[in-house]
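# Architecture and fold: a report
Read off the chains here:
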Amino acid sequence: MPPLADALSAVRAAGRRPAVPYLLVDRARASRLEATVRALAAAGAPALELGFPFSDPIADGPTLAAASGRALAHGTRWSDLLFALRRASRHLPAAVMTYANPVWAHGLEAAARELRAAGASGLIVPDLSLEESGPWRAACRHAGLELVLLAAPSASPERVARIATGSSGFLYLVSRYGTTGAGAPVAPARELASLVAAAHRARPRLPVLIGFGVRNAATAAAATDTGADGIVVGSALQEQIDRRLGPERLRTWFAAIVRGANPAG
Amino acid sequence: MPRRYGPYGGAYVPETLVPALRELERAWRDARADAEFRREHARLSRTLGGRPTPLYFARRLTRRAGGAEIWLKREDLVHGGAHKFNNALGQALLTVRMGKPRLIAETGAGQHGVATAMLGATLGLETEVYMGEVDMERQRPNVERMRLLGARVNPVTEGSRTLKDAINAALRDWITNVRTTHYLLGSAVGPHPFPTIVAELQSVIGREILRDARRLWGRPPELAVACVGGGSNAIGTFRPLLSSPTELLGVEAGGPRRSRHGAASLSFGRPGILHGAYSYVLEDRDGQVADTESISAGLDYAGVGPEHAFLRDSGRVRYRAVHDDDALAAFHWLARDEGILPALEPAHAVFAAVREARRRPKGHRVVVTLSGRGDKDLEVVRAAARRRS
């Protein structure tokens, strides 16, 4: 089994719910990346999403959009992503999350090969809809990368089932109408639960992870109450990094979220 | 409706928007087949919008060029002062039909924002417009107009603070409020079905040109010229002429002379994915979208509509870039020769039209789409004159 699905399934098999952190690659933070990844792994993260900044991040809220802009201003390039991947994947299986155009600009096949060679296990593209995903799935399959598709509350259960069928690694279920980070309310739990169930019916072995707006133990617990297998934490982690939280405090902070997703008993 | 033009187009959007884009496609298909909708659209187009617009013979500009006749398609006479009304009317009526109470729009020069604000008022829809801070500064009269028309204008402070960033902000709003809101996209860009809907609504320009040409000359013009930012007035001009022998010329913004690429994505860009569509984009090696430069806010955009990308590759339409100072020169020619103040966007097309007319025989006709009037640009033109003196 490929590393991403494998790592998440192992957590699942142990009766626990994975909490996956999202880290944006920023050249100015390159020297601290490995310590950060180690801290997150120590806190219980079974896998990692590495974000590559894009100039026009339409799915991102203020925190990640600003971080993306700063990373580009610091001169972050594709080569910095490959460098970060090599470092991070020593500690955790990593999926790359970035918009369609930076991947396309390097050529689908070539980009998938480069990412795989640098240690990536998966690819997540927030502006890639199921309808456009055909060539991307082929390129990723060819390179041995898992292409993770996203579903959202606006979709019918039937559509979520179709997306789950096309996804590999896991299914990324967006928690609400809105961009990443705090702000818009999370969709009603009942609504999300029916989408999680639809995905599980279509692909029983594919983990469903909920992201967008999971920012602490309470929201982590609420997200997994829907029957989801785990969570993704992005903007809230970025806020901690923006506050220059050291590895030790970061570990404590993330461990609380892991506990939120895995209440005792 | 075509999802792609050749390889270009598609819908590269966050999943949240996919159902809304489908609903929009269905609604548009139903609406244009509905005689009652078409009647209402035609009525408002005439009685509110002032259509049809005339084809005007620019006698003194023709003399200046000293070659083929230059005719102006007077979209500057449409309600609100630009062709943007054509698209805004159709989509605003569609919004009412879909039962959505709220409109959002992006705007560069402010003309699309004004058109959306007008129709929001006419049809009783809550309206919010996103506009880059740089554009709010250089197109201030239009910001005032939007506010007077009851729209809320949200300044966009991210990125280059121009049209591209206004589209980002509008897309984010749409992702958040898609259940109650229609995104009235102002150009022939964005994810399917927007490029097709906008092109169909703007095609009234080319249809009227063709009809008047047949009546006046018994044949279509030898050349049609239009400016291209996202490309809505150009695609509206070109589409009905695609099957005629008329030569077609799209004019992009070349920016200042020292600028490497201005805002000319078809001339200097490469295929990429921006704002939901696969088309030509000005970008760096990593696919990061480049900052653009143009004296005209409406053309100052790093992408372009996917149908133009297709027409460029097929060779059916030629695309050329015109620099800021040439556009300014054309602005003054039209003002002095014809008593018309053009917007700086079509001033680019006027410059190219004069250059083309000069090398063509006297019997030929060049039609240039004057997509908007220039009142909004007086400060920019004055500032440019000060810099030169």
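A brief look at the structure comes next. Since the structure is predicted, the reported quantities are computational estimates derived from the model, not experimental observations.

Within chain A one finds 12 helices and 9 strands. Scaling as 2.2 N^0.38, a compact globule of 265 residues should have a C-alpha radius of gyration of about 18 Å, and chain A matches this with 17 Å. A principal-axis box enclosing the C-alpha atoms of chain A has dimensions of 45 × 40 × 35 Å. Looking at chain A residue by residue over its 265 residues, the buried ones come to 60%. Contacts spanning at least 24 positions in sequence make up 72% of the contacts within chain A whose residues lie at least 6 apart. Of the accessible surface of chain A, which amounts to about 9500 Å², a share of 54% is contributed by carbon and sulfur atoms. Across chain A, 29 positive and 20 negative side-chain charges occur, with their mean positions spaced 6 Å apart.

Before going further, it helps to spend a moment on the packing of helix H5 (residues 111–123) of chain B against helix H7 (residues 140–148) of chain B. Residue and element names in this part refer to chain B. Where H5 meets H7, the closest approach of the two axes is 9 Å, and the angle between their N-to-C directions is 10°. One finds that H5 runs roughly parallel with respect to H7. On the side of H5, the interface is formed by Gln-111, Gly-113, Val-114 and Ala-117, while H7 contributes Asn-142, Arg-145 and Met-146. Residues belonging to the contact of H5 with H7 are distributed by class as follows: 3 nonpolar, 3 polar and 1 charged.

Turning next to the side chain of His-261 of chain B. All names here are of chain B. In this fold, His-261 is placed in the loop between strand S10 (247–255) and helix H12 (265–268). Classification of His-261 as buried rests on a relative accessible area of 14%. Those residues in contact with His-261, other than ones at most four positions away along the chain, are Ala-253, Gly-254, Phe-268, Leu-282, Ala-290 and Asp-291.

This paragraph deals with the packing of aromatic side chains. Residue and element names in this part refer to chain B. Counted according to the given criterion, the structure contains 16 aromatic pairs over all chains. Ring centres of Trp-333 and Phe-351 lie 5.7 Å apart, and the angle between their planes is 20°; on these two criteria the pair is classed as stacked. In this pair, Trp-333 is assigned in helix H14 (residues 324–338) and Phe-351 in helix H15 (residues 344–358), connecting sequence segments 18 residues apart. Among the residues examined, Phe-351 registers a relative accessible area of 11% and is labelled buried. Sitting over the ring of Tyr-56, Arg-74 keeps its end group 6.0 Å from the ring centre.

Next up on the list: the sheet that holds S10 of chain B. Residues and elements named next belong to chain B. Pairing is mixed across the open sheet formed by 6 strands, whose spatial order is S3-S4-S14-S9-S10-S13. Of all the strands in the sheet, the pair left with one neighbour each is strand S3 (55–57) and strand S13 (317–323). Taken pair by pair, the neighbouring strands of this sheet meet at an average axis angle of 30°, ignoring direction. Judged from the 6 bridges that link them, strand S4 (residues 69–74) and strand S14 (residues 365–370) form a sheet pairing that is parallel. If you follow Lys-73 over to S14, its bridge partner there is Thr-369.

Here we take up the pattern of salt bridges. All names here are of chain B. The full count for this structure, using the stated rule, is 55 salt bridges over all chains. Among the ionic pairs, Glu-128 bridges to Arg-102, the shortest N-O distance being 3.3 Å. With Glu-128 in strand S6 (residues 126–132) and Arg-102 in strand S5 (residues 102–107), this residue pair connects regions lying 26 residues apart in the sequence. As a salt-bridge pair, Glu-144 and Arg-147 come within 4.0 Å of each other at their nearest N and O atoms. Of the two residues, Glu-144 and Arg-147 both sit in helix H7, 3 residues apart, roughly one turn of that helix. Owing to a relative accessible area of 42%, Glu-144 belongs among the partly exposed residues under this scheme. Residue Arg-147 is classed as partly exposed on the basis of its relative accessible area, which comes to 41%.

Another aspect to go through is the environment of Leu-184 of chain B. Residue and element names in this part refer to chain B. Mapped onto the elements, Leu-184 comes out in the loop between strand S8 (181–183) and helix H9 (194–202). The buried category is assigned to Leu-184, whose relative accessible area is 0%. Residues Leu-184 and Leu-94, 90 residues apart in the sequence, show an inter-C-alpha distance of 9.9 Å. Beyond its immediate stretch of four places on either side in the chain, Leu-184 contacts Asn-87, Ala-88, Gln-91, Ala-92, Leu-103, Ile-104, Ala-105, Glu-106, His-112 and Thr-116.

Quick look at the interface of chain A and chain B now. Listed by partner, the interface residues are 40 residues for chain A and 35 residues for chain B. Buried surface at the junction of chain A and chain B, summed over both partners, amounts to about 3000 Å²; 49% is from carbon and sulfur atoms. A per-residue breakdown of the area chain A buries against chain B is headed by Ile-58, Glu-132 and Tyr-177 of chain A, which together make up 23% of the total. The interface formed by chain A and chain B holds 7 salt bridges in total. Among the ionic pairs, Glu-15 of chain B bridges to Arg-159 of chain A, the shortest N-O distance being 2.6 Å.

About the thresholds
- Residues numbered from 1 in each chain as written.
- Chains lettered and ligands numbered in written order.
- Predicted model: local features only at pLDDT ≥ 70, side-chain atom pairs only at ≥ 80, totals over all residues.
- Heavy atoms only, no water.
- Helix = DSSP H or I, 4+ residues; strand = E, 2+ residues; numbered from the N terminus.
- Rg over C-alpha atoms; globule rule 2.2 N^0.38 Å.
- Buried < 20%, exposed > 50% of the residue type's maximum accessible area, 1.4 Å probe, protein only.
- Contact = heavy atoms within 4.5 Å.
- Areas by Shrake-Rupley, 256 points an atom, 1.4 Å probe, with all protein chains shown as cover.
- Lys, Arg positive; Asp, Glu negative; His and termini not counted.
- Charge placed at Lys NZ, Arg CZ, Asp CG, Glu CD.
- Axes fitted to C-alpha atoms, helices over the stretch in contact; angles between N-to-C directions.
- Parallel < 35°, antiparallel > 145°, perpendicular 65-115°, else oblique.
- Nonpolar A, V, L, I, M, F, W, Y, C, P; charged D, E, K, R; others polar.
- Phe/Tyr/Trp six-rings, centres within 6.5 Å; stacked < 30°, edge-to-face > 60°.
- Lys NZ or Arg CZ within 6 Å of the ring centre and 35° of its normal.
- Pairing = 2+ DSSP bridges.
- Salt bridge = Lys/Arg side-chain N within 4 Å of Asp/Glu carboxyl O.
- Buried area = accessible area lost by both parts, 1.4 Å probe.

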